[in-house]
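Observations on chain architecture
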Amino acid sequence: METIGNSTTVKRWGSFLLLYLGYMVLFADRTVMNISLAYIGKDFHVGAAALGATASAFFLGYTLMQIPGGYLTDKFGSKLMVVISLFAWSLMTMVTGWAWSLAALIAIRFLFGIAEGPYPAAALKRISENYDKNEKLQATSALISSNYAGAAVAPLIIVPIIASSGWRNAFVWLGVGGFIILLAYYLVERPINNSQEKGQARPKIEWKKIDHRVWAFVVIGLALNIITKGLETWMPVYFLQEQGINLKNLAWLVPLPVISGGIAAFISGFVMVHLFKKHERWMISIASFLTLIFMFGLFKSTSLVGVVIFDVLIYFVKSLAFTGIFSFIAQILSEKTYGSSIGIVNFGGQLGGFVGPLLIGWIVQAAGSYSAAFFGLVISALVAVIACLFIRKA
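Residues numbered from 1 in each chain as written. Predicted model: local features only at pLDDT ≥ 70, side-chain atom pairs only at ≥ 80, totals over all residues. Heavy atoms only, no water.

As recorded in an unreviewed UniProt entry, the protein goes by MFS transporter and comes from Limosilactobacillus balticus. Here the protein is described in UniProt, under the heading Subcellular location (unreviewed entry), as follows: "Cell membrane". (UniProt positions renumbered as here; feature names shortened; annotations may be inferred.)

Description of the pattern of salt bridges
Using the criterion set out here, one finds four salt bridges in the structure. Here Asp74 and Lys125 are joined by a salt bridge, their closest N and O atoms 2.6 Å apart. Placement of the pair is Asp74 in helix H3 (residues 66-76) and Lys125 in helix H6 (residues 119-130), with a sequence separation of 51 residues. Among the residues examined, Asp74 registers a relative accessible area of 8% and is labelled buried. With a closest N to O distance of 2.8 Å, Glu129 and Arg126 form a salt bridge. A residue pair is termed a helical-turn pair when its members lie 3 or 4 positions apart in one helix, as Glu129 and Arg126 do in helix H6 at three residues. With a relative accessible area of 35%, Glu129 lands in the partly exposed category. (Salt bridge = Lys/Arg side-chain N within 4 Å of Asp/Glu carboxyl O. Helix = DSSP H or I, 4+ residues; strand = E, 2+ residues; numbered from the N terminus. Buried < 20%, exposed > 50% of the residue type's maximum accessible area, 1.4 Å probe, protein only.)

As for the packing of aromatic side chains
This model, assessed by the stated rule, comprises 16 aromatic pairs. Centroid distance Tyr23 to Tyr119: 5.4 Å. Interplanar angle 90 degrees. Geometry classified as edge-to-face. With a gap of 96 residues between them, Tyr23 in helix H1 (residues 2-44) and Tyr119 in helix H6 connect regions that are remote in the sequence. Exposure remark for Tyr119: the relative accessible area of 0% places this residue in the buried category. Three or more aromatic residues joined by ring pairs form one cluster here, namely Trp13, Phe16, Tyr20 and Tyr131. (Phe/Tyr/Trp six-rings, centres within 6.5 Å; stacked < 30°, edge-to-face > 60°.)

Set out below in structure tokens:
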């Protein structure tokens, strides 16, 4: 019996490690694309607008696939959807490196987003299936911290590849890494087929029966991700144009918020379990309120030091709130509809990621001021705080 128990534990943690690595590769790809945009522009002889369309194509496909991806996870099982998503996006990663024109690249990136779409719901549902109630919260937050780890580690590995053999080979090697993770995951998680019994009714999204808190989480996720992606996209430009710092200094400034957010995401489940047990919604509410306070501080800052400090603090508390949403969901929702609910919540978050960069760009162009754009993000933080008032007990 002890041997069986040890074997189950090893399999469970092996599954977690591979899901974590898969999530890292998922977010590493986005960082690689950002780094590669300048080289892609030279290869295809296109300007910023066309490159922006390339980046947006991925997020459009990814956002549109969140709800269907969650539904498919509930229907066919988490393990199968992890395998399908890993295979599809590893293939599309390699194909990105083989793009023969800008139009082809835009189409590939849109399909790439579709391929990645089911992974968050499938991976988080698998975690929910593998761990008990208290472990589930901490395992969920630890898994989501991989998002920040992937974004932080990718430049260290990929930049040398781009420098030595070009952006195309960087995507090919990233795809190879995805296939290696896929093979390892298949071997660890066999059998992959859905365990649902024959004749059992397939799940479907019953919109009227969705836990009312899910809709509050959608709004909070959207508002917080507008801040994240808005700052992530435009802070480097702000530092270069408004603060006049050079690229060398920018290299160490940009990762600081990501590192801060990664630490917060990793400890979010622990904080929720040990400091906010039975009061989990208060952690999300307090962290969202602090996001508002620190965002206002960034808006009012006039020095580079102040901007950097508030930027780091925003990422920390924002990540506590955002990761806390998924940890809380893991605790309160039924396993049968868990994938669909995660898909709905993540749709809100990814929609915020799509809107954030466009919103800041529009405000900066219209007002001619980053200060006005930062105030727009203050309003977004306020929306998150108001939405927290609707996270009531079931």
